[in-house]
Amino acid sequence: MDMAWMVIAGDGLHNFSDGLAIGAAFSSTIAAGLSTSFAIFFHELPHELGDFAVLIKAGMSITQALTYNIICAGLAIIGTIIGLLIGEYTTNFKMWVLALTAGGFLYVALVDMLPGLIKISCDETDRWKFVIVQIGLLSGIAVMLVIALYEGSFQTMFE
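**Observations concerning the packing of helix 2 (residues 30–57) against helix 3 (residues 62–89)**
In a packed pair of helices, the relevant descriptors are the angle between the two axes and the axis-to-axis distance.
Next up, step 1: Put simply, helix 2 and helix 3 touch, their axes get as near as 9 Å, and they point 140° apart. Between helix 2 and helix 3, the crossing angle belongs to the class labelled oblique. Judged by the twist between their axes, the crossing of helix 2 over helix 3 is right-handed. Every residue of helix 3 that contacts helix 2 at Glu48, Asp51, Phe52, Leu55 and Ile56 is listed here: Ile62, Ala65, Leu66 and Asn69.

Here it is as structure tokens:
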């Protein structure tokens, strides 16, 4: 059960920092806020499912695991509110939070995902898995590219 509490503590802190990033991004521009929210959502979806599985495996009931996951998700909302409030009054905070968020995503991509992608690409027996992973990766890159290219259009759309 000790592992479950470590997962809950780490998830809560992680969700709070994600909320700070979303709040800081929205206090910058709506387009930045939407793209940050989009990226964090698709990052968090498998992450939360994995956390849920770890909590169940550690001995929690389904109700307990759901309750703690919802509480941890609430920390993202608190982080978003704090990020919005602080981001409105300071520019230095905004830049630091956005830089740390971008660095965190790069870290996850290079340390966690890249070795797995290399392992899949070297595996001769599972080519379909490689193709599916590449489609997902390229789709994510394409969506973020569209957001970056049309950020001005998104900004005017929400004004």
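**Side note on the packing of aromatic side chains**
Next up, step 1: Within the structure shown, the criterion is met by 3 aromatic pairs.
Next up, step 2: Judged by centre distance (4.7 Å) and plane angle (65°), the rings of Phe38 and Phe42 are edge-to-face. Of this pair, Phe38 and Phe42 are both found in helix 2, 4 residues apart, which corresponds to roughly one turn of the helix.
Next up, step 3: On the basis of relative accessible area, Phe38 is assigned to the partly exposed category, the value being 32%.
Next up, step 4: Here the aromatic rings of Phe41 and Phe42 are separated by 5.0 Å at their centres, their planes lie at 80°, and the arrangement is edge-to-face.
Next up, step 5: Taking relative accessible area as the criterion, Phe41 reaches 46% and is therefore assigned partly exposed.
Next up, step 6: One aromatic cluster in this structure is built from Phe38, Phe41 and Phe42.

**Side note on the side chain of Ser27**
Next up, step 1: Within the element layout of this structure, Ser27 appears in helix 1 (residues 2–28).
Next up, step 2: Excluding residues that lie within four positions of it along the chain, Ser27 makes contacts with Gly83, Leu84, Gly87, Glu88 and Lys94.

**Considering helix 2**
Next up, step 1: With 28 residues, helix 2 extends 39 Å between its outermost C-alpha atoms, agreeing within 8% with the 40 Å of an ideal straight helix rising 1.5 Å per residue.
Next up, step 2: Of all the bends in helix 2, the greatest reaches close to 30° and is centred on Glu44; the proline Pro46 follows between one and four positions later.
Next up, step 3: Buried residues of helix 2: Ala31, Ala32, Gly33, Ser35, Thr36, Ile40, His43, Glu44, Glu48, Asp51 and Leu55, and no others.
Next up, step 4: Between the side-chain oxygen at the start of helix 2 and the backbone nitrogen of Ala32 there is a gap of 2.9 Å, and the oxygen is on Thr29.

**Topic: the confidence of the model for the protein chain**
Next up, step 1: Per-residue confidence for the protein chain gives a mean pLDDT of 82, with 91% of residues at or over 70.
Next up, step 2: Mean pLDDT in the protein chain bottoms out at helix 6 (residues 151–157), which sits at 72, and peaks at helix 3, which reaches 91.

**A closer look at the packing of helix 1 against helix 2**
Next up, step 1: For the pair helix 1 and helix 2, interaxial distance at closest approach is 9 Å and the crossing angle is 170°. Viewed along their axes, helix 1 and helix 2 adopt a mutual orientation that is roughly antiparallel.

Criteria and thresholds
- Residues numbered from 1 in each chain as written.
- Predicted model: local features only at pLDDT ≥ 70, side-chain atom pairs only at ≥ 80, totals over all residues.
- Heavy atoms only, no water.
- Axes fitted to C-alpha atoms, helices over the stretch in contact; angles between N-to-C directions.
- Helix = DSSP H or I, 4+ residues; strand = E, 2+ residues; numbered from the N terminus.
- Parallel < 35°, antiparallel > 145°, perpendicular 65-115°, else oblique.
- Left-handed = near helix turned anticlockwise from the far one by under 90°.
- Contact = heavy atoms within 4.5 Å.
- Phe/Tyr/Trp six-rings, centres within 6.5 Å; stacked < 30°, edge-to-face > 60°.
- Buried < 20%, exposed > 50% of the residue type's maximum accessible area, 1.4 Å probe, protein only.
- Expected span 1.5 Å × (residues − 1).
- Bend = angle between axes of the 7 residues up to and from the residue.
- Polar contact = N/O pair within 3.5 Å; in protein donor to acceptor, adjacent residues only side chain to side chain.
- pLDDT = per-residue confidence, 0-100.

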